[in-house]
Amino acid sequence: MAQQFNPQNIKTRTSVLVFIKGSTAPLVLYVENPQELYAELTQAMKSATATFIEKETAGPLKKVSFVSNQIAAIAMQEEQYV
């Protein structure tokens, strides 16, 4: 028998995807305020000075660090989960 899901149990969350130059998969970052992180990272990309970025996250990656001039792209992703 197939398990049925109650639509009320389905939640959404937003993650920030950071694509690093030379990497095949993005870093998927789950944070409390994804819009704020997105804005911070896009600002760091615009800066002419490379900066070291270190973040603690709430997902499988607990802590991540990278240099701002190695960011190729940033995206926000909304996903559903039960």
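Preceding this section is the structure that the text describes.
Computed from a prediction, not measured in an experiment: that's the story for all the values here. (Residues numbered from 1 in each chain as written. Predicted model: local features only at pLDDT ≥ 70, side-chain atom pairs only at ≥ 80, totals over all residues. Heavy atoms only, no water.)

### Quick word on the sheet that holds strand β1 (residues 11-20)
Taken together, 3 strands build an open sheet; the order of strands is β2-β1-β5 and the sheet is antiparallel. Every interior strand has two partners, whereas the edge strands, β2 (27-29) and β5 (71-81), have only one. The mean angle between the axes of side-by-side strands here comes to 25°, regardless of whether they run parallel or antiparallel. One ladder, built from 3 bridges, connects β1 with β2; its direction is antiparallel. Looking across to β2, one finds that L17 is bridged to V28. Taken strand by strand, helix α1 (residues 34-46) contacts β1, β2 and β5, and its axis lies near 170° from that of β5. (Pairing = 2+ DSSP bridges. Helix = DSSP H or I, 4+ residues; strand = E, 2+ residues; numbered from the N terminus. Axes fitted to C-alpha atoms, helices over the stretch in contact; angles between N-to-C directions. Contact = heavy atoms within 4.5 Å.)

### Digging into the nonpolar core
If you look at the biggest cluster of nonpolar residues, it comprises 12 residues: V16, V18, I20, L29, L37, L41, A44, I53, V64, F66, I71 and I74. Every residue in contact with L29, bar those within four places of it in the chain, is listed here: S15, V16, V18, L37, T57, L61 and V64. (Core = buried A, V, L, I, M, F, W, Y, C linked by side-chain atoms within 4.5 Å. Buried < 20%, exposed > 50% of the residue type's maximum accessible area, 1.4 Å probe, protein only.)

### Quick look at the packing of aromatic side chains
Summed over the entire model, instances satisfying the criterion amount to 0 aromatic pairs. The positively charged end of R13 is found above the aromatic ring belonging to Y81, 4.6 Å away from the centroid. (Phe/Tyr/Trp six-rings, centres within 6.5 Å; stacked < 30°, edge-to-face > 60°. Lys NZ or Arg CZ within 6 Å of the ring centre and 35° of its normal.)

### Regarding the environment of L61
Here L61 shows up in the loop between β3 (52-56) and β4 (63-67). For the pair L61 and V28, spaced 33 residues apart in the sequence, the C-alpha separation amounts to 7.9 Å. Setting aside residues up to four positions removed in sequence, L61 forms contacts with L27, V28 and L29.

### Describing the pairing of β4
Covered by surrounding structure in β4 are V64 and F66 only, the residues K63, S65 and V67 on the alternate face being uncovered. In this structure, β3 lies alongside β4, joined through 5 bridges in antiparallel fashion. Across the sheet, the residue bridging to E56 is K63, located in β4. Hairpin connection, β3 to β4: the antiparallel pair is bridged by 6 residues.

### Thoughts on the environment of P7
By the element assignment, P7 lies in the segment before β1. Distance from P7 to E36, taken between C-alpha atoms, is 29 Å for residues 29 residues apart in sequence.

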